[in-house]
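Understanding the architecture of this molecule
If you want the building blocks of each chain, they are given just below.
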Amino acid sequence: MAILVTGGAGYIGSVTAELLSEAGAPVVVLDNLSRGHRESVGGDVPFYQGSIDDQALVKRLVRDHKIDSCIHFAAYAYVGESVAQPSLYFETNVRKGIALLDALRDSGVRNLVFSSSCATYGEPRSIPISESHPQWPTNPYGWSKLFMERILDAYDRAYGLRFVSLRYFNAAGASKRHGEIHDPETHLIPLVLAAARGKTRFVSVFGNDYPTPDGTAIRDYIHVLDLGRAHILSLDYLERGGRSEFINLGTGHGYSVMEVINAARAVTGLSIETRAEPRRPGDPSRLIADSQKAGEVLGWQPAHSDLLAIIGTAWEWCSANPEGYRGS
Ligand SMILES: NC(=O)c1ccc[n+]([C@@H]2O[C@H](COP(=O)([O-])OP(=O)(O)OC[C@H]3O[C@@H](n4cnc5c(N)ncnc54)[C@H](O)[C@@H]3O)[C@@H](O)[C@H]2O)c1
């Protein structure tokens, strides 16, 4: 039986598809390439360019490839864009997400792993953030993920679609073959490395007056290889008959923006210019996961998420692919 990976031409999806293929699991990728890269899908992986709401296509894929489970990465994921264009986010992440779930349900697919986000929690009331922390997102992107979580819960109760909803904190790092390329890029580590390579003149540091030791915001960075492995463990868990769950994926340890920049200076041996900018509205001072549940339910522990390892793999990948996938 095969696994449908939606958004498998994107950053986290491509790494997860790579890990699944290495483990010998048959994978089928569905991606409309609106934000992904055809080159990031392995040559031996069946690839279909299409949208998750093309129900006829999804049903055909399930039938032709004997798909029995799905990892659903496909979504739009820019917080700022979601504030400016909420309709695009509810349309893509929610309306099209429901169309996908309906096609899967009608085709008899019963297990799903969903890419959720720490953005569903909104402004943290306590740190570390456990799965029982109240969820009140501060932007439409976070709401789109929370809506999908509620929809999944209802679909489980009504239709028996079992799921693991993984609430990622900050994905970072690279595998040997796949790394992070977004256009525009908004994530700190690729932006820091772009400044190191001279692609940009400096890194903006948004806020240096937070109540943190060095005044810059603290985030929980998780290696994309650790994320990918958590998806495989989630599928195993569902196949063993596990019940639906919401699970954080973070390390339980945070690094400040300046700690990340200093680590990147150490890894690259290059000076990286910074520019102080005002805080961005809605950016909390700290976001750190309580990641105990992932260990208890899935048997998952981060193995690659040391900051130097994260930055080291990202640096190797972008040094080997200076033009991104266009150069491959
Ligand atoms: N990167 C992070 O730190 C992070 C954190 C929390 C949650 N997430 C979630 O994880 C998932 C993957 O994130 P990513 O960073 O790999 O994003 P990405 O943009 O690199 O990948 C998303 C992929 O989905 C595809 N896609 C979008 N709409 C589609 C549609 N209608 N039909 C088919 N394909 C479509 C895009 O072309 C792209 O290849 C997203 O759902 C995102 O919200 C990411």
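To be clear, the structure that these remarks concern was listed above.
This report concerns the structure included in the present document. Just so we're clear, the structure is a prediction, and the values are computed from it rather than from any experiment.

The residue Asp 64 is located in helix α2 (residues 55-65) in this model. Given the relative accessible area of 47%, Asp 64 is considered partly exposed. Between the C-alpha atom of Asp 64 and that of Ala 2, which follows or precedes it by 62 residues, the distance is 10.0 Å.

Within the largest apolar cluster, 36 residues are counted, with the highest numbers of intra-cluster contacts made by Ile 12, Leu 20, Val 29, Leu 166 and Leu 249. Counting only elements with at least two residues in this core, the list comes to β1 (2-6), α1 (11-22), β2 (27-31), β6 (162-168), α7 (224-239), β11 (245-249) and α9 (292-298). Sort the elements by how many residues they give to this core and α7 lands first, with 8 residues. Among all residues touching Leu 20, those that are not within four sequence positions of it are Ile 3, Val 5, Ala 25, Val 27, Ile 71, Ile 232 and Leu 235.

The strand order across the open sheet built from 7 strands is β3-β2-β1-β4-β5-β6-β11, with neighbouring strands paired in parallel fashion. Of all strands in the sheet, those with a lone pairing partner are β3 (47-49) and β11, marking the two edges. Strand-to-strand, the axes of this sheet are offset by a mean angle of 20°, without reference to chain direction. Of the strand pairs in this sheet, strand β5 (residues 111-117) and β6 are connected by 7 bridges, and their pairing is parallel. From the neighbouring strand, Val 113 faces β6, where its bridge partner is Val 164.

In this approach a probe as big as a water molecule rolls over the atoms, and the regions it shows empty are the leftover space. Counted under the stated rule, the structure contains 1 cavity of 30 Å³ or more. By volume, the largest cavity amounts to about 30 Å³. Taken together, the residues that form the lining of the largest cavity break down as 5 nonpolar, 2 polar and 1 charged.

In this structure, the second largest pocket encloses a volume near 200 Å³. Elements that contribute at least two residues to the lining of the second largest pocket include exactly α1 and α10 (307-320). Per element, the largest residue contribution to the lining of the second largest pocket is 4 residues, and it comes from α10. Looking at the lining of the second largest pocket residue by residue, the class counts come to 5 nonpolar, 3 polar and 4 charged.

Procedures and definitions
Just so you know, the residues in each chain are numbered from 1, in the order the chain's sequence is written. Local features in this predicted model are restricted to residues whose pLDDT is 70 or higher, and side-chain atom pairs enter the listing and the counts only when it is 80 or higher, whereas totals over whole chains, interfaces and linings include all residues. Side-chain calculation: all heavy atoms of the structure are included, whereas hydrogens and water are not. Per the convention used, a helix needs a DSSP run of H or I reaching at least four residues, while a strand needs a run of E reaching at least two, with both numbered from the N terminus. We call a residue buried when its accessible area falls under 20% of the maximum for its residue type, exposed when it is over 50%, and partly exposed in between, using a 1.4 Å probe and counting protein chains only. Nonpolar cores are built from buried Ala, Val, Leu, Ile, Met, Phe, Trp, Tyr and Cys residues. Side-chain atoms within 4.5 Å join them into one set. Contact between two residues is taken to exist if any of their heavy atoms lie within 4.5 Å; hydrogens are not considered. Pairing between strands requires that DSSP locate at least two bridges from one strand to the other. For every element, the axis is a line fit to its C-alpha atoms; helices are fit only across the contacting stretch, and the angle between N-to-C directions ranges from 0 to 180 degrees. Definitions used for this entry: grid spacing 1 Å over protein atoms alone; cavity, a set of points where a 1.4 Å probe fits but cannot get out; pocket, an open set with protein on both sides within 12 Å along at least 5 of 7 lines; lining residue, one with an atom within 4 Å of a point. Grid points are joined across faces, edges and corners, and a volume is the space filled by probe spheres set on the points. Put simply, Ala, Val, Leu, Ile, Met, Phe, Trp, Tyr, Cys and Pro go in the nonpolar bin, Asp, Glu, Lys and Arg in the charged bin, and everything else, Gly too, in the polar bin.

The quantities given are spatial measurements derived from coordinates; they are silent on function.
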